[in-house]
Amino acid sequence: MRRVIVGTAGHIDHGKTTLIKVLTGIDTDRLKEEKERGITIDIGFAHLTLPSGTLVGIVDVPGHERFIRNMVAGASGIDLVMLVVAADEGVMPQTIEHVEICELLGIKDGIVVLTKVDLVEKDWLELIKEDLKEFLKNTFLKDAPILEFSAVTGQGKEEILKTLDEKALKISIKAEDQPFRLPVDGVFTIKGFGTVARGTAISGKVSLNQTLMVYPKNLLTKVRNIQVHGKNVEVAYAGMRTALNLQGVEKEEIERGDVLADLEVLKPSQWLDVKLNSLKSVTPPIKNFETLLFYIGTKETLAKIFLLGKDQLNPGETDIAQIFVQEPVVAWRGDRFILRRTSTNQTVGGGEVLNPVAYRRKRTKPWERKELEYLSQASEKDLIKFWVEKREFLGIYEKDLQIMVSIFGEKFKKIVEKLENDLIKIKEGEKVFYFSKKAEKELKEQVVATLKNFHTNNPFSPGLTKELLKARISSFISEGFYQYVLEDLINKGVIGRNKEILYLTEFKYL
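Numbering of residues starts from 1 in every chain and runs along the sequence as written. This being a predicted model, a pLDDT of at least 70 is required before a residue's local features are given, and a value of 80 or more before pairs of side-chain atoms are given or counted; all residues contribute to the totals for chains, interfaces and linings. The side-chain figures draw on all heavy atoms in the structure; neither hydrogens nor water molecules are used.

Enquirer: Is there a simple way to think about the pattern of salt bridges in this case?
Expert: Between side chains of opposite charge, a pair can form when the charged atoms approach closely. For this document, the term salt bridge refers to a Lys or Arg side-chain nitrogen within 4 Å of an Asp or Glu carboxyl oxygen. Summed over all chains, the structure comprises 32 salt bridges. A salt bridge links K217 to E255; the shortest N-O distance between them is 3.0 Å. Here K217 is found in the loop between strand 10 (211-215) and strand 11 (219-228), whereas its partner E255 is found in the loop between strand 14 (241-247) and strand 15 (259-261), with 38 residues between them in sequence. Remark: exposure states derive from per-residue accessible area (1.4 Å probe, protein chains only) relative to the maximum for the residue type, with buried under 20%, exposed over 50%, and partly exposed in between. Residue classification places E255 among the partly exposed positions, given a relative accessible area of 42%. Here D319 ties to R369 by a salt bridge, and the two come within 2.8 Å at their closest N and O atoms. Taken together, the positions of D319 in strand 21 (residues 318-329) and R369 in helix 7 (residues 366-377) put the pair 50 residues apart, joining distant regions of the chain. Secondary structure follows DSSP: runs of H or I at least 4 residues long count as helices, runs of E at least 2 residues long count as strands, and numbering of each begins at the N terminus.

Enquirer: For this particular structure, what's the right way to read the confidence of the model for the protein?
Expert: Detailed conclusions should not be drawn from predicted coordinates in areas where pLDDT is low. Confidence of the predictor in every single residue is expressed as pLDDT, which spans 0 to 100. When pLDDT is averaged across the protein, the result is 87; 93% of the residues are at 70 or more. In this description, contact between two residues means that some pair of their heavy atoms is separated by no more than 4.5 Å. Long-range and interchain partners of residues 30-41, a stretch whose pLDDT sits below 50, account for 28 contacts in this model, where long-range means more than four residues apart. Contacts from residues 63-67, a stretch scored under 50 in pLDDT, to residues over four places away or in other chains number 15 contacts.

Enquirer: Any chance you could explain the sheet that holds strand 29 (residues 501-504) here in plain terms?
Expert: Taken together, three strands build an open sheet; the order of strands is 27-29-28 and the sheet is antiparallel. Each edge of the open sheet carries a strand with a single partner, namely strand 27 (464-465) and strand 28 (495-498). The criterion for strand pairing is that DSSP finds at least two bridges linking the strands in question. Examined bridge by bridge, strand 27 and strand 29 share two bridges and lie antiparallel to one another. Paired with L464 across the strands is L502, a residue of strand 29. Across the face of the sheet, helix 11 (residues 437-457) comes into contact with strand 27, strand 28 and strand 29 while running at roughly 90° to strand 29. Along the sheet, helix 13 (residues 479-491) contacts strand 28 and strand 29; its crossing angle with strand 28, the most-contacted strand, is approximately 100°. The axes used here are C-alpha line fits, helices contributing only the stretch in contact, and every angle between their N-to-C directions lies in the interval 0 to 180 degrees.

Enquirer: Explain the packing of helix 11 against helix 13 to me, please; I cannot follow it from the model alone.
Expert: In a packed pair of helices, the relevant descriptors are the angle between the two axes and the axis-to-axis distance. Relative orientation of the contacting elements helix 11 and helix 13 amounts to 65°, with a least axis distance of 10 Å. Taken as axis vectors, helix 11 and helix 13 run roughly perpendicular relative to one another. Classified by chirality, the crossing of helix 13 by helix 11 is right-handed. On helix 13, the residues touching A439, E440, L443, K444 and V447 of helix 11 are F481, Y482, Y484, V485, L486, D488 and L489. Working rule for angles: under 35 degrees goes down as roughly parallel, over 145 as roughly antiparallel, 65 to 115 as roughly perpendicular, anything else as oblique. Each crossing gets its handedness from the near helix: less than a right angle anticlockwise from the far helix is left-handed, clockwise is right-handed.

Enquirer: Just to check I follow, could you spell out helix 7 for this structure?
Expert: Residues separated by three or four positions in an α-helix point in the same direction, a consequence of the helix having 3.6 residues per turn. A rise of 1.5 Å per residue sets the reference length of helix 7, with its 12 residues, at 16 Å; its end C-alpha atoms lie 18 Å apart and thus fit the reference within 8%. Of the positions making up helix 7, those classed as buried are E368, E371, L372 and L375. Seen from one end, helix 7 has its buried residues packed into an arc of 95°, which puts them on one side. In helix 7, the exposed positions angled more than 90 degrees off the buried face are occupied by W367, K370 and Q377. The inward-facing, buried residues of helix 7 contact strand 16 (269-278), strand 21, strand 23 (346-355) and helix 8 (380-390). Here a helix's expected span is defined as the number of its residues, less one, multiplied by 1.5 Å. The arc under discussion is defined with respect to the helix axis, by the directions toward the C-beta atoms.

Enquirer: Is there a simple way to explain helix 12 (residues 466-473) in this structure?
Expert: Among all positions in helix 12, only L469, K470 and I473 are buried. Along the axis of helix 12, the buried positions cluster into a sector of 100°, meaning they face one direction only. Seen from the buried face of helix 12, the exposed residues on the opposite side, beyond 90 degrees, are E467 and A471. Considering only its buried residues, helix 12 is in contact with helix 11, strand 27, helix 13 and strand 29.

Enquirer: Quick question: what am I supposed to make of the packing of aromatic side chains here?
Expert: Each Phe, Tyr or Trp ring, with Trp reduced to its six-membered ring, pairs with another whose centre is within 6.5 Å; inter-plane angles below 30 degrees give stacked pairs, above 60 give edge-to-face pairs, and intermediate values give tilted ones. A full pass over the atoms with the stated rule returns 11 aromatic pairs. Centroid distance F435 to F481: 4.4 Å. Interplanar angle 5°. Geometry classified as stacked. You can see F435 sitting in strand 26 (residues 431-436) and its partner F481 sitting in helix 13, a full 46 residues away along the chain. One exposure class covers both F435 and F481, and it is buried. Each residue in the set W271, F289, F306 and F324 is aromatic and connected to the rest through ring pairs, giving one cluster. Distance and angle both matter: a charge sits over a ring if NZ of Lys or CZ of Arg is within 6 Å of the ring centre and within 35 degrees of the ring normal. Above the plane of the ring of W332 lies R181, whose end atom (NZ or CZ) is 3.8 Å from the centre. Above the face of the Y397 ring, K431 is positioned so that its terminal group lies 4.6 Å from the ring centre.

Rendered as structure tokens:
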């Protein structure tokens, strides 16, 4: 079964919640305050099955600027957007901001629904349509159909469902062969069951009794029950709105912004290497060292921007950068984020993660910028090779490598097989580490050169112990890799071993 997440976007009181109710029969405004005030405050959820059999989860986001944090949390994981514009008002401030946010989050397609068409004259409706087309012409919705809708008469309902179905069939299905990830957007307690966390599964699948980790807190939990759209299921897949009844964690220990995922597939970090996009409309420009609100998945935190080689990012500009977040976050390469300015309550930009577990880079070191530029365009194969080579004699733990490149399972295995002439795989206990052939060649040369130098200066000494030889080369050598290199040199007759002493076979002991 195809699974697609559709999200609403648009200004307050333009009819997003009413449209969903007509399409699905579900009222997504569940809070008492929402019903009293007649506005959506937090994200709401509904579902329907389209004529093709595609299961659609619908996320209703608030349109008021004060609840933009909730809008961004709801937009995480969306495949298609329904931009809702009221015919009696047209394009408004949050219409513009929501489209900008969707664009920054990498949403590629959607439809435009012109609501309240029963309230306006035909001439006015045509003017609004022209205005909408003008606004959308430079956005990802430039080719999106504009459909008329009235909640009073039901006009347009069938056309909307038909168009959604056509669009949904073109959506690339989220990866099920990758680890499970679910950014949490709500947590509550059900009497007799305990803690329940909900969100949109953005990759992989989850089964009953599966052990998961709550990131970035690194809390272990077990799945007791799974619900998808209010029904108990044994497995939930990527692209489904999912509620998980969790064992071993209290409601107070998990919150919106956390991520439920498989073990050892995410690593908390405060430094991220990123590709940063500034909105064309932003004033003043994004400054180096500026502190902004940072949104990733369902997480909101403060972040400081570090531009490499410039003092500001001009409107509409894209560049590589670093972000330091106030609280550790978890991400994969390719995840999208949003940046907002608290002083003006304005979205200023966003972008994508290039390296989810980074370190502080210095503007004074030009190779740091070159390295980031390389990371922004490298293929998956080159990326794996790069990170292994960068770790030189220390190597890299397989799980850490997978997190940095955000490739797992069979896909990772196949890429590594293609790199068999460049990489060495060494098992240390239960852990697998990777080293580069380049590092192997270099270490062998250093072993031979160090022994040669020792023999030249100490002609009456038989050689060096393994430990003393290592100390003369570097303290930054993995023991497993060092042993691998020594054994290979011994097997090839380059060096000899007499009990604990290592020596060059060409050396003649005086």
